Amino acid sequence: HQANKLSTEEIYEHITDLYRQQPTLSYRTSLSVLHQQYSTSIPLGYLCGLYTGVNKPNNGDVYFEPTAGNGALTVAGKCENFDVNEIDKLRLKNLLAQGYRNVTSMDASEPFPVEYKNKYDAVVCNPPFGTNDVVMQYKGLGIKKLEYIIAINSLETMKHNGKAAVIMGSHMGYDSEGRVSKGQQREFFTFLFTFYNVEDIINIDSSKLYARQGTSWDIKLILINGRKEKPQGYPPLENKELAVTEPMSSKVVQDWHTLYKRIMR
């Protein structure tokens, strides 16, 4: 009830204060190591929700979290508007107790059922890091990196005019000519910019904004606003002159205030 009287910025400030008081989650199980599970920090989950609009649903809007964990990325919305998916049995049990619209336990590294295609108004996800045993062949790509495979499968579930926020490991890398670093990273992001309207890719300093979740592995946040009517385009060249608050700046965000300002643009 109190949250209804606060602005989104005031709510965000309360959430970041709670994060700063949170002890570091250093305990890991054999399953969390196997699946490379790190729960999303709540302030980051809230910002992903603001960007995708899950905090202000229209009638009938439904959202999807394909690697939901304990549900941190759904924090800005209401459980009854979310379908969530989680392969880990313990985390699945936690999700079932929270009142989500639908809870499933599918392998997100495999394509989702056909009825999921273009279904959701928003998709939010933080896929586990790692490498898949089988190379995924998709639209000319040969992808083995697990988070890329899960992101591709998850984005297939987004409506053409939907929005998505995807958290991935490591910072966006560029070569000496300002191009996205070659290899699977270049292939994957060329795919994204060809088929989706990528509004921003934000490099985030995990030692400052994620370490309390048990890892200081740097991350990037990808913001997508719909699917392109005509597939075309490439990732833009790195522009080192852009300020850290500007879209597509490669500078690393190192504090919660700057991250809020960047995403709210």
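Fair warning: this is a prediction, and the values are worked out from it, not measured in the lab.

**Student:** Would you take a moment to explain the overall build of the chain for this structure?
**Tutor:** In terms of helices and strands, the chain carries eight helices and nine strands. Burial analysis of the chain (265 residues in total) assigns 50% to the buried set. For the chain, the proportion of contacts with a sequence separation of at least 24, taken over those separated by at least 6, is 66%. Of the roughly 13100 Å² of accessible surface on the chain, 51% is carried by carbon and sulfur atoms.

**Student:** What is the right way to look at the packing of aromatic side chains in this model?
**Tutor:** The geometry of an aromatic ring pair comes down to the distance between the two centres and the angle between the two planes. Applying the stated criterion across every chain, the model contains 15 aromatic pairs. Measuring from centroid to centroid gives 6.5 Å for Tyr-148 and Phe-189, while their planes differ by 80 degrees, and the two rings are edge-to-face. Of the two residues, Tyr-148 sits in helix H5 (residues 146-155) while Phe-189 sits in helix H6 (residues 184-195), which places them 41 residues apart along the sequence. For the pair shown, Tyr-148 and Phe-189 are each scored as buried. Three or more aromatic residues joined by ring pairs make a cluster, and in this case those are Tyr-148, Phe-188, Phe-189, Phe-191, Phe-195 and Tyr-196. Sitting over the ring of Tyr-116, Lys-119 keeps its end group 4.9 Å from the ring centre. The ring centre of Tyr-51 lies 4.0 Å from the NZ or CZ of Lys-163, which sits over that ring.

**Student:** Help me understand the pairing of strand E2 (residues 82-85), please; the structure alone is not making it clear to me.
**Tutor:** Looking along a regular strand, one sees the side chains alternate between the two faces of the sheet. By the alternation rule, side chains of E2 split into Phe-82 and Val-84 and Asp-83 and Asn-85, which are all buried. Bridge count for strand E1 (residues 63-65) against E2 is three bridges, and the pairing is parallel. Bridge pairing links Tyr-63 to Phe-82 in E2. Taken together, the three bridges between E2 and strand E3 (residues 102-104) define a ladder with parallel strand orientation. By the bridge assignment, Asn-85 is partnered in E3 with Thr-104.

**Student:** What exactly am I supposed to notice about the sheet that holds E2 here?
**Tutor:** Strands belonging to one sheet form pairs held by backbone hydrogen bonds; the direction of such a pair is parallel or antiparallel. Strand order in the open sheet made by the seven strands is E3-E2-E1-E4-E7-E9-E8, with mixed pairing throughout. Bordering the open sheet on either side are E3 and strand E8 (196-204), each of which pairs with just one other strand. The average angle at which neighbouring strand axes cross in this sheet is 15 degrees, direction not considered. Pairing of E8 with strand E9 (residues 219-227) involves seven bridges; the strand directions are antiparallel. Pairing of Ile-201 across the sheet is with Ile-222, part of E9. Docked against the sheet, helix H3 (residues 42-52) engages strand E4 (120-125), strand E7 (158-169), E8 and E9, running at close to 160 degrees with respect to E7. The sheet contacts of H5 involve E4, E7, E8 and E9, and relative to E7 the element is tilted by about 165 degrees.

**Student:** What's the story with the pattern of salt bridges in this structure? I'm lost.
**Tutor:** If the charged atoms of two oppositely charged side chains come close together, the side chains can form a pair. In the structure shown here, the tally under the stated rule is 11 salt bridges. Among the ionic pairs, Asp-121 bridges to Lys-159, the shortest N-O distance being 3.1 Å. Placement of Asp-121 in strand E4 and of Lys-159 in strand E7 is noted, with a sequence separation of 38 residues between them. Notably, a salt bridge pairs Asp-205 with Lys-208, separated by 3.2 Å at the nearest N-O pair. Looking at Asp-205, the relative accessible area reads 12%, which means it is buried. Residues participating in the shared-partner salt-bridge network are Asp-175, Glu-177, Arg-179 and Arg-186.

**Student:** Explanation requested: helix H8 (residues 256-264) in the structure shown.
**Tutor:** Residues that lie three or four places apart on an α-helix share one face, since the helix turns once every 3.6 residues. Every buried residue of H8 is accounted for by Trp-256, Thr-258, Leu-259, Tyr-260, Arg-262 and Ile-263. In the core, the buried residues of H8 are packed alongside helix H1 (8-21), H3, E8, helix H7 (206-209) and E9. Put simply, Asp-255 is the residue that caps the front of H8, since its side-chain oxygen is 3.1 Å from the backbone nitrogen of His-257.

Procedures and definitions
- Residues numbered from 1 in each chain as written.
- Predicted model: local features only at pLDDT ≥ 70, side-chain atom pairs only at ≥ 80, totals over all residues.
- Heavy atoms only, no water.
- Helix = DSSP H or I, 4+ residues; strand = E, 2+ residues; numbered from the N terminus.
- Buried < 20%, exposed > 50% of the residue type's maximum accessible area, 1.4 Å probe, protein only.
- Contact = heavy atoms within 4.5 Å.
- Areas by Shrake-Rupley, 256 points an atom, 1.4 Å probe, with all protein chains shown as cover.
- Phe/Tyr/Trp six-rings, centres within 6.5 Å; stacked < 30°, edge-to-face > 60°.
- Lys NZ or Arg CZ within 6 Å of the ring centre and 35° of its normal.
- Pairing = 2+ DSSP bridges.
- Axes fitted to C-alpha atoms, helices over the stretch in contact; angles between N-to-C directions.
- Salt bridge = Lys/Arg side-chain N within 4 Å of Asp/Glu carboxyl O.
- Polar contact = N/O pair within 3.5 Å; in protein donor to acceptor, adjacent residues only side chain to side chain.

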